[in-house]
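Chain residues, written in single-letter form:
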Amino acid sequence: MRSSVFLAALSALLPAYVAGQAQQWGQCGGIGWTGATTCVSGSVCTKQNDYYSQCLPGTATSAPSNPPTSLPSSSPTSPTSAPSSPSSTPTPSANNPWTGYQIYLSPYYANEVAAAAKAISDSTLAAKAASVAQIPTFTWLDSVSKIPDLQQYLSDASALGKSSGQKQLLQIVVYDLPDRDCAAKASNGEFSIANNGQANYENYIDQIVAAIKQFPDVRVVAVIEPDSLANLVTNLSVQKCANAQTTYLACVNYALKQLSAVGVYSYMDAGHAGWLGWPANLTPAAQLFAKVYSDAGKSPFIKGLATNVANYNALSAATPDPITQGDPNYDEIHYINSLSPALTSAGFPATFIVDQGRSGQQNLRQQWGDWCNIKGAGFGTRPTTNTGSSLIDSIVWVKPGGECDGTSNSSSPRFDSTCALSDAAQPAPEAGTWFQSYFETLVSKANPPL
Ligand SMILES: *[C@@H]1O[C@H](CO)[C@@H](O)[C@H](O)[C@H]1NC(C)=O
Ligand SMILES: *[C@@H]1O[C@H](CO)[C@@H](O)[C@H](O)[C@H]1NC(C)=O
C-alpha cells in the first residue's frame, strides 16, 4: 500500500510514467516484464504469480488478493492458534458427500466476479455477470502461497455453519505436483523433481491437512491433481512425463492417504471423453486408477474420479461434435458409462463428478485436444446433485470461469502454442489470471442462460 502511494507520488513527478500506466486487466509486472508497472486509476497492480502481475479493479486498500470474508468481526481465528484436533477418526458417509451440505462460496472468486461485473457497461449483461458470484466453484491450491486462503475459508465456513445452522462443504483442487503439467507448458508449477520436489510436495500436503484438521465441522471435497494420472496413461512418450512417473505416483499416494485421514472426500482427475475415453485408453486408465486407489489403502474417502476438469465437453451431447468422430464415447456420460465397469472389475467402485462450468456451448473446437480459452464458450449446467446418473455424485464447476487457461504471448516462459490456435480467444493473459473479455463471453453465451 505504501509503495503504491510512493509510486503515485513518483508518477506525479515524472509524467512519462503516467503515460506508461497499464490498463485495467493489463499486465503490470512479472519475470521478464519490461512494460508499465503502475495501473490506471481505479485499479491496482496485483501479483498473481512470479510471471504475472495484473491491474485489477479496486484501490490499494482492497486488493482482490485479500478477499473479504463474512467472519463475525469479533472472532477471527488466528491461523497459529492451537488446532482443535478431531475427537476421533472421521467416518465416511456412505452417500453422496454433497447431501445435507451447503457449498461454501469462495470469496476470492466472488470478488473477481463482482469486480468484473462492475466493469461491464451494459446493465443487463452486468446483472447476469454479477449473479455468477453465487455459483460455487473450486478453490485451486496451485501453490503453497494459497494455503493461508484455505485456512481463512475453513474458518469462515465453520463460523457460517454455526451461525446459519447449515453445514458447509468446501471444494478444493490439490494442484502442486513437482514437474506439474508434464505434457504442456501453460501451468508449470513451483516445484521441480530435481530440486527436492517430492519433499516440498509432502510439506504442501501437510500444511493443507493441518488446516483442515482444525475444522472437523467443515466437509472438504478435493479434486486431485488435474491431468497428472491421465498423462501417465497416454503421455509417457513425453520425456518430462516419463521422468515424473514415479514421483507423481508417490505424491498422489501421499496426498490421498493424508487427506483421507482427515475425512476429505477425494476425486482423482481422469481427463475427459476425448482423452481417456478413447476405447484403447479405457482399460489402462481403469487399471492405473484402481492401483492408485488400492495403494492408498482403498479408503472410502477416495470416492472416485473427476472428469472434464477445465474442459468443454457436454455431459450429454445432443449430437456428437464432428471432432469426436471415431470415439464412441463422444461426451462425458458415454465416457463414464464405459469407464465405470472397467474400474469395478479392476476393484475400484468409483463414482464421478463432472465439470460443466464452461460446457454451455458445443461444436466450437477445431480439434478435440484443444483446451485453451476456447472461443465462444458459455457457462454450462449449474452445479447440482440432480445428475441423472447414479454414477455421478454431482455436476460441478471446477474451473472458475473467467480465470485464464494460458497466455497467448509467445514470448512468455509459460507460452503453450495451444493458446495461440485459431479457436483460442486472444490476446490471453497468463494462466490463472483474470480474462475479462473471456468472462463476458461465458456470461452472454451461458446455457442455460443466466
Ligand atoms: C498427450 O496425450 C494425448 C492423448 O493421447 C495426446 O493427444 C497429446 O498430444 C499428448 N501430448 C503430448 C505433448 O504428446
Ligand atoms: C509478452 O511477454 C514478454 C515476456 O514476458 C513481455 O516482455 C512482453 O511485453 C509481452 N507482450 C505482451 C503484449 O504482453
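Preceding block: the structure.
Residues numbered from 1 in each chain as written. Chains lettered and ligands numbered in written order. Predicted model: local features only at pLDDT ≥ 70, side-chain atom pairs only at ≥ 80, totals over all residues. Heavy atoms only, no water.

Draft legend 1. Expanded view of the pairing of strand E7 (residues 219–224). Within E7, six of the six residues are buried, which leaves the element mostly enclosed by the surrounding structure. Taking every second residue as pointing to the same face, both faces of E7 are buried, with Arg219, Val221 and Val223 on one and Val220, Ala222 and Ile224 on the other. Sheet analysis places strand E6 (residues 168–174) next to E7, joined by six bridges and oriented parallel. Pairing of Val173 across the sheet is with Val223, part of E7. (Buried < 20%, exposed > 50% of the residue type's maximum accessible area, 1.4 Å probe, protein only. Helix = DSSP H or I, 4+ residues; strand = E, 2+ residues; numbered from the N terminus. Pairing = 2+ DSSP bridges.)

Draft legend 2. Region of the structure containing the pattern of salt bridges. A full pass over the atoms with the stated rule returns eight salt bridges. As a salt-bridge pair, Lys146 and Asp142 come within 2.7 Å of each other at their nearest N and O atoms. The class for Lys146 is partly exposed, based on a relative accessible area of 26%. Two residues, Arg180 and Asp176, come together in a salt bridge whose shortest N-O distance is 4.0 Å. An identical accessibility class is assigned to Arg180 and Asp176; each is buried. Salt bridges here are not isolated pairs; linked through shared partners, they connect Arg358, Lys399 and Asp405. (Salt bridge = Lys/Arg side-chain N within 4 Å of Asp/Glu carboxyl O.)

Draft legend 3. Representation of the packing of helix H8 (residues 239–261) against helix H9 (residues 279–295) within the structure. Running from N to C, H8 and H9 point in directions that differ by 55°, and their axes come no closer than 9 Å. By the angle class used here, H8 and H9 are oblique. The hand of the H8/H9 crossing is right-handed. Each of Leu249, Val252, Asn253, Leu256 and Lys257 in H8 lies in contact with H9, whose residues at this interface are Leu288, Val292 and Asp295. When its residues are assigned to classes, the contact of H8 with H9 shows five nonpolar, one polar and two charged. (Axes fitted to C-alpha atoms, helices over the stretch in contact; angles between N-to-C directions. Parallel < 35°, antiparallel > 145°, perpendicular 65-115°, else oblique. Left-handed = near helix turned anticlockwise from the far one by under 90°. Contact = heavy atoms within 4.5 Å. Nonpolar A, V, L, I, M, F, W, Y, C, P; charged D, E, K, R; others polar.)

Draft legend 4. How the structure looks around the site of ligand 2. Around ligand 2, the structure places Ile31, Gly32, Trp33, Asn409 and Ser411. Taking Asn409, its side chain carries an N or O atom lying 2.3 Å from an oxygen atom of ligand 2. Notes on ligand 2: free accessible area 360 Å², of which the protein chains cover 56%. Classifying every residue of the shell around ligand 2 by side-chain character gives two nonpolar, three polar and no charged. (Near = heavy atom within 4 Å. Polar contact = N/O pair within 3.5 Å; in protein donor to acceptor, adjacent residues only side chain to side chain. Areas by Shrake-Rupley, 256 points an atom, 1.4 Å probe, with all protein chains shown as cover.)

Draft legend 5. View of the nonpolar core. In terms of nonpolar packing, the biggest core is built from 72 residues, with Leu170, Ile172, Ile212, Met268, Phe289 and Phe348 touching the most fellow members. In terms of residue count, H8 provides more of this core than any other element does, nine residues in total. Those residues in contact with Phe289 that sit more than four places away from it in its chain are Leu229, Met268, Asp269, Ala270, Leu276, Leu305, Leu343 and Phe348. By size, the runner-up hydrophobic cluster in this structure holds 28 residues, among which are Val113, Ala126, Ala129 and Phe379. (Core = buried A, V, L, I, M, F, W, Y, C linked by side-chain atoms within 4.5 Å.)

Draft legend 6. Molecular detail of empty space enclosed by the protein. Evaluation of the coordinates by the stated rule reveals four cavities of 30 Å³ or more. When its volume is computed, the largest cavity comes out at roughly 70 Å³. Asn313, Ala314, Ala317, Thr319, Asp321, Thr324, Tyr330, Asp331, Gln362, Asn363, Arg365 and Trp368 are the residues that line the largest cavity. Taken together, the residues of the lining of the largest cavity break down into four nonpolar, five polar and three charged. (1 Å grid on protein atoms, 1.4 Å probe; cavity = no way out; pocket = protein on both sides within 12 Å on 5 of 7 lines; lining within 4 Å. Points joined across faces, edges and corners; volume = space filled by probe spheres on them.)

Draft legend 7. Here's a closer look at the packing of aromatic side chains. Under the definition given, this model contains twelve aromatic pairs. Taken together, the ring pairs in this structure connect Tyr109, Phe379, Trp397, Trp434 and Phe439 into an aromatic cluster. Against the face of Tyr175 rests Arg180, its NZ or CZ located 4.1 Å from the ring centre. (Phe/Tyr/Trp six-rings, centres within 6.5 Å; stacked < 30°, edge-to-face > 60°. Lys NZ or Arg CZ within 6 Å of the ring centre and 35° of its normal.)

Draft legend 8. Focus on the packing of H9 against helix H10 (residues 332–346). Between H9 and H10, the least distance of the axes is 9 Å, while the angle of their chain directions is 50°. Accordingly, the angle class assigned to the pair H9 and H10 is oblique. Considering only the axes of H9 and H10, their crossing is right-handed. The residues of H10 that touch H9, namely those facing Leu282, Ala286, Phe289 and Ala290, are Tyr335, Ser338, Leu339, Ala342, Leu343 and Ala346. Of the residues contributing to the contact of H9 with H10, the split by class is nine nonpolar, one polar and no charged.

Draft legend 9. Representation of the state of the cysteines in the model. Using the criterion set out here, one finds four disulfides in the structure. Two residues, Cys372 and Cys419, share a disulfide whose sulfurs are 2.1 Å apart. Linking Cys372 and Cys419, the disulfide has an S-S dihedral of approximately 95° and is accordingly described as right-handed. Placement of the pair is Cys372 in the loop between strand E10 (351–355) and strand E11 (392–396) and Cys419 in the loop between E11 and helix H11 (436–444), with a sequence separation of 47 residues. On the basis of relative accessibility, which here comes to 0%, the residue Cys419 falls in the buried class. (Disulfide = S-S within 2.5 Å.)

Draft legend 10. Region of interest: the site of ligand 1. Around ligand 1 lies a shell formed by Ala183, Thr234, Asn235, Val238 and Trp275. Taking Thr234, its side chain carries an N or O atom lying 3.1 Å from an oxygen atom of ligand 1. One of the side-chain N or O atoms of Asn235 is found 2.6 Å from a nitrogen atom in ligand 1. Isolated, ligand 1 exposes 370 Å² of accessible area, and the fraction of that covered by the protein chains is 44%. A class-by-class count of the residues in the shell around ligand 1 yields three nonpolar, two polar and no charged.

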